[in-house]
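Survey of secondary and tertiary structure
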Amino acid sequence: MTGDGRSRLRRWLRPAPGTEGRRRFIPVLILLGLSAGIALLNPTFLTPANVITVVLQASILSIVAIGQTYVILTAGIDLSVGSLVALGGALAAGLAVKAGLGTYPAILLTLLVGVGLGAISGLLVVKGNIPPFVVTLAMMAIGRGLTLVYTQGRPIAGLGADFIFWGTGEVLGIPMPVWIMAVVAVLATLLLTQTRFGLYVRAIGGGGEETVRLAGVRPGIIKLSVYMLSGFMATLGGILLAARLWSAQPNAGIGLELDAIAAVVLGGASLFGGIGGIGGTLLGALLIGVLSNGMNLLEIPSYYQQVVKGMVFVLAVLLDFATRRRPMP
Amino acid sequence: MTGRPRLAVRQGCGRKVLPRFSEITVSEDTPLLEMRGIAKAFPGVQALSDVSFTLYAGEIHALVGENGAGKSTLMNILTGAVPKDAGTILLRGRPVEITDPRRAIELGIAIIHQELTLIPHLTVAQNIYLGREPRGRLPGTVDWAALNRQAEELLARLGLDLRPTTPVAELSIAQRQMVEVARALSLHADIIAMDEPTSALSEREVETLFGFIRQLRREGVGLIYISHRIAEVFALADRVTVLRDGCHVGTAPVQAVDEAQIIHWMVGRTLGELYPKTSQPQPEVVLKVEGLRRKTDLQDVSFELHRGEILGLAGLVGAGRTHVVRALFGVDPVERGTIWLEGRRVRITSPQEAIRLGIGLVPEDRKAQALFLGMAVRQNITITRLRDLSRLGWIDRRRQDERARQYVEELRIRTPSLAQRLRHLSGGNQQKVVIARWLTLNPKVLLLDEPTRGVDVGAKVEIYALMSALAARGVGILMISSELPELLGVCDRILVMRGGRLVGEFDRAEAIQDAIMTLATGGTRS
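Residues numbered from 1 in each chain as written. Chains lettered and ligands numbered in written order. Predicted model: local features only at pLDDT ≥ 70, side-chain atom pairs only at ≥ 80, totals over all residues.

The secondary structure content of chain A amounts to 14 helices and two strands. Within chain A, the proportion of its 329 residues that are buried is 51%. Within chain A, contacts between residues at least 6 apart in sequence are counted, and of these 79% link residues at least 24 apart. (Helix = DSSP H or I, 4+ residues; strand = E, 2+ residues; numbered from the N terminus. Buried ≥ 20, exposed ≤ 12 C-beta atoms within 10 Å, placed from the backbone. Contact = placed C-beta atoms within 7 Å.)

What follows is the structure in structure tokens.
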């Protein structure tokens, strides 16, 4: 009987291969359930101050995960985002403070470096024909190494007020990173749903690369662009993180790639590519934010938190594999 | 060299034979398309050598040949998907270079591929206009409303009852085929190539498709129709060109040739030579299955296989044929049903179990599922027998070589040595290695899933002969094939599958290609 029940659940979740169906409700249900559970155990969870903290913490992850969403939609993966977050913060802070470039030129230059490193990953994937997992694993090491070299392993403090404003300032009672996340999310959604680029990104994943090529579109440029976008988003996240913490930490963003990928997958994207969206990713990032915050409130030691996060990630991927067959080629 | 096109008829490659159909008049106009002296080599195989092909406006030109004859390669060159090594392509008498797919589309050349190339999670409209989306007001944006409107008009013009916003994943295979057709038509192409467009269609859908094709011919489109169903060629085409092993064998108006002639051109030998059948089924049943069920893949499948019998399993791709052999081999065990092997009831829950019982499987995709391409011939042949060929875990190399050499000789596997890596053998010899591996186990039942796919004609004949020899030794063989002539030539009986069920059975004597096709595509047996 359990077999029947399970297959009925699967059918309910998967009305047709390759389509979303009702699967999209899963992250919402998990989010509500998790929030209710934490709120019952610790009522502080639902206080306005804590809610704002959760959203603030989730906002930087969301920005990084939005870049990741594009990569995963093409059936790729970007493991370098955590390192690029650290590099983004360090470089922007260093250029602004130590090199004395001033806040805005420093930020601009840093974002360009992020795009450039993403382009290197993308080129290696497209031209070198190396699996994205390998390329971005290398970039993860390179990015972290460059950060340590640049900072000599020490935090960079002494950021100017105009820099710190982007992490700690508020407009209408809402922190700046949340505003930026909102703007990024809207733009990313428009890019994904309203442009040819977005359509081709969705087309390439799930086995459509050859089809796209035969339709006269060059898939290489599309794939290159998603890594550049991911590099941009990661360094942007790093800049905001440094601004929020008043200083750039060389160890920032360790393990963030896992959170970002988990957010995308929890949000309903398929690691096989083609399926997924910005809204889902935001939900996924919020879910991870709630989970971290909840574990802190429940005073679960941070070492155990790592274990829990790893398990949540595996469960999310399991859900992806179990409720979806590989899209038909 | 332009002007009146000659009817070149050749035997093999190179040796020209005098034109036999000189009385047939061919239009004096410049051809819409002329491909001259096209050559293409892939590593290890000359896919095309000196192939010429002409197409006139308002003509349906059938391109036929066996798998691996070079039809698809020729079309891939035409559509810019692969570059040619030599030769020229003229469009309306002017030489063109088709460097990539985009260039082909610009030149008005469209192709409908055999493997459907639609992207399942995109909508019908998005798939039809992929790469050619109507622009929105802002740069880079797509005007979705216009896209869906265009698609709706196109679908309506074609009489297709499809919504533009439906994801392709929700469509049946036949509906997807129609979307492919719609996409080709939306290109306003002057030249449309169709690669086996009917392979997944029911009879009624085939008629609808033929209706489109004839309408396109009236509108002056030049159509290249690739098929290995000869009946379709006669029903539809004006002229037919036959390729064999990468060579142009002949071109003729369909009125001037008959089926036997085309088959002869295709395979280079007569039917008797092609299917050397010597075995006879014996009365004892070696394998009996009853009521096999597995999800929606298998629905109540029952049949008997006799000793020494070659039993064919016909049906369309996705009819459940592969599920039958995978179930019998324990890869995807059945949920319900009974299996008897030599009268004993058995449960087959894993490939190990199947092998222990004496059942072998030659899978559909030999490269991915059967061979270790980077390993030597000796290892590939003996890998299932290593337990007998080793002592305390150490492989006895001398006995291994002895065993491997025995099968290389018996099956006439053409390899320079036992150390040759499988990657460097031809498709036919690779397949013989897979079969050899099972022979080392003295199987009672051999399951063959598309055993001659991607194998040249000469090797096919050897594989047929081998099957016949095995059957004569008492092995029961269950063979899946998508090539009906092959099933008709080799099998003692043919079962037809559709939608996971057995829907018909034919004896060797009474099996007719059309009747099997009708059953396989959803008709009833008349």
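A few words now on the overall build of chain B. Along chain B, the regular secondary structure elements total 18 helices and 24 strands. Within chain B, buried positions represent 47% of all 526 residues. Here the analysis covers contacts within chain B between residues at least 6 apart in sequence; of these, 67% occur between residues at least 24 apart.

This part takes up the interface of chain A and chain B. Quoted interface sizes are often the accessible area lost when the parts come together. On the chain B side, the residues contacting the 25 residues of chain A number 20 residues. At the level of secondary structure, the elements contributing two or more residues to the side of chain A that touches chain B comprise α9 (196-204) and α10 (209-214) of chain A. Residues belonging to the side of chain A that touches chain B are distributed by class as follows: 12 nonpolar, nine polar and four charged. (Nonpolar A, V, L, I, M, F, W, Y, C, P; charged D, E, K, R; others polar.)

Each turn of an α-helix holds 3.6 residues, which means side chains three or four residues apart point in the same direction. All names here are of chain A. Over its 27 residues, helix α11 (residues 219-245) extends 39 Å from the first C-alpha to the last, a length consistent with the 39 Å expected when each residue adds 1.5 Å. The buried fraction of α11 amounts to 23 of the 27 residues, a majority that puts the element mostly inside the structure. In the stretch just after α11, W246 is the one whose phi turns positive, near 65°. (Expected span 1.5 Å × (residues − 1).)

This brings us to the sheet that holds strand β16 (residues 336-341) of chain B. Residue and element names in this part refer to chain B. Ordered by their spatial adjacency, four strands build an open sheet running β14-β13-β16-β17, and the pairing between neighbours is antiparallel. The two strands at the open ends of the sheet, each matched to only one other strand, are β14 (298-306) and β17 (344-346). When strand polarity is set aside, the average angle formed by the axes of neighbouring strands in this sheet is 20°. In the packing of helix α10 (residues 321-328) onto the sheet, contacts are made with β13 (285-294) and β14, and the angle to β14 comes to roughly 70°. (Pairing = 2+ DSSP bridges. Axes fitted to C-alpha atoms, helices over the stretch in contact; angles between N-to-C directions.)

Residue and element names in this part refer to chain A. Running from amino to carboxyl end, helix α5 (residues 103-126) crosses helix α6 (residues 132-151) at an angle of 150°, the nearest separation of the two axes being 9 Å. The pairing of α5 with α6 is recorded here as roughly antiparallel in orientation. The element α5 and its partner α6 pack so that their crossing is right-handed. Packed against α5, whose contacting residues are L117, S121, L124 and V125, the element α6 presents P132, V135, T136, M139 and G143 at the interface. When its residues are assigned to classes, the contact of α5 with α6 shows six nonpolar, three polar and no charged. (Parallel < 35°, antiparallel > 145°, perpendicular 65-115°, else oblique. Left-handed = near helix turned anticlockwise from the far one by under 90°.)

Further remarks concern the environment of A:V178. All names here are of chain A. Relative to the assigned elements, V178 resides in helix α8 (residues 176-194). Judged by local crowding, V178 falls into the partly exposed class, with 18 C-beta atoms found within 10 Å. In this structure the C-alpha to C-alpha distance between V178 and L319, which are 141 residues apart in sequence, comes to 29 Å. Not counting residues within four places of it along the chain, the set of residues in contact with V178 comprises V55, L56 and S59.

On to the packing of helix α3 (residues 48-73) of chain A against α11(A). Residue and element names in this part refer to chain A. Where α3 contacts α11, the axes come no closer than 8 Å and their chain directions differ by 175°. When the interaxial angle is binned, α3 and α11 end up roughly antiparallel. Facing I60, I63, V64, I66, G67, Q68, Y70 and V71 of α3, the residues of α11 in contact are V226, Y227, L229, S230, F232, M233, A234, L236, G237, L240 and L241.

Right, let's talk about the sheet that holds strand β24 (residues 501-507) of chain B for a bit. Residue and element names in this part refer to chain B. Across the sheet, which stays open at both edges, the six strands sit in the order β18-β21-β22-β15-β23-β24 with mixed pairing between neighbours. Both edges of this open sheet fall to β18 (359-362) and β24, since each of them pairs with a single strand only. For this sheet, the mean inter-axis angle between neighbouring strands, taken without regard to orientation, is 20°. Alignment of β18 against strand β21 (residues 445-449), held across four bridges, turns out to be parallel.

Here we come to the pairing of strand β5 (residues 60-64) of chain B. All names here are of chain B. The buried fraction of β5 is high, at five of five residues. Burial of the side chains of β5 extends over both faces: I60, A62 and V64 are buried on one face and H61 and L63 on the other. Here β5 pairs with strand β10 (residues 222-226) via four bridges, running parallel. Residue pairing in the sheet places A62 in a bridge with Y225 of β10. With four bridges joining them, β5 and strand β11 (residues 239-244) adopt parallel strand pairing. Bridged to V64 within β11 is V242.

Time to look at the nonpolar core. The biggest cluster of nonpolar side chains holds 173 residues, and the ones touching the most others in it are A:V64 and B:Y225. Core analysis: the second largest hydrophobic core is formed by 75 residues, B:V377, B:L425, B:L487 and B:L495 among them. (Core = buried A, V, L, I, M, F, W, Y, C linked by C-beta atoms within 7 Å.)

Turning our attention to the environment of A:R244. The residue A:R244 is located in helix α11 in this model. Contact partners of A:R244, with chain neighbours within four places excluded, come to A:G167, A:T168 and A:P177.

Averaged over all residues, the pLDDT of chain A is 85; the fraction at 70 or higher stands at 90%. Of all secondary-structure elements in chain A, the lowest mean pLDDT belongs to helix α1 (residues 2-13) of chain A, at 52, while α11(A) reaches the highest, 94. (pLDDT = per-residue confidence, 0-100.)

All names here are of chain B. The element β10 is extensively covered by neighbouring structure, given that five of its five residues are classed as buried. Burial along β10 is two-sided: the residues G222, I224 and I226 and L223 and Y225 are all buried. Relative to β10, strand β9 (residues 191-195) runs parallel, the two sharing five bridges. Note that in β10 the partner of I192 across the bridge is L223.

Here we come to helix α8 (residues 259-267) of chain B. For α8(B), the complete set of buried residues consists of B:I262, B:W265, B:M266 and B:V267. B:G268, located one to two residues past α8(B), shows a positive phi value of around 75°.

The subject of this paragraph is the environment of B:V455. Residues and elements named next belong to chain B. Tracing the sequence through the fold places V455 in the loop between β21 and α16 (457-472). Given 24 C-beta atoms within 10 Å, V455 falls into the buried group. Residues V455 and Y56, spaced 399 residues apart in sequence, show a C-alpha to C-alpha distance of 33 Å. Each residue touching V455, except ones within four places of it in the same chain, is listed here: G427, G428, Q431, K460 and I463.

So, on to unusual backbone geometry. All names here are of chain B. Look at D245: it is not a glycine, yet its phi comes out positive at around 50°. D245 gets classed as buried once you count the C-beta atoms within 10 Å, which come to 21. For R412, which is not a glycine, the phi torsion comes out positive at approximately 50°. Positionally, R412 belongs in the loop between α14 (397-410) and α15 (427-439). A count of 13 C-beta atoms within 10 Å places R412 in the partly exposed class.

This part covers the confidence of the model for chain B. Residue and element names in this part refer to chain B. Mean pLDDT over chain B: 82, with 90% of residues reaching 70 or higher. By mean pLDDT, the top-scoring element of chain B is strand β22 (residues 476-480) (93), and the lowest-scoring one is strand β1 (residues 9-10) (39). Taken together, the stretch residues 14-26 has pLDDT below 50 and engages in 18 contacts with residues farther than four places along the chain or on a different chain. Both scores are available for the predicted complex, with the pTM at 0.72 and the ipTM at 0.77.

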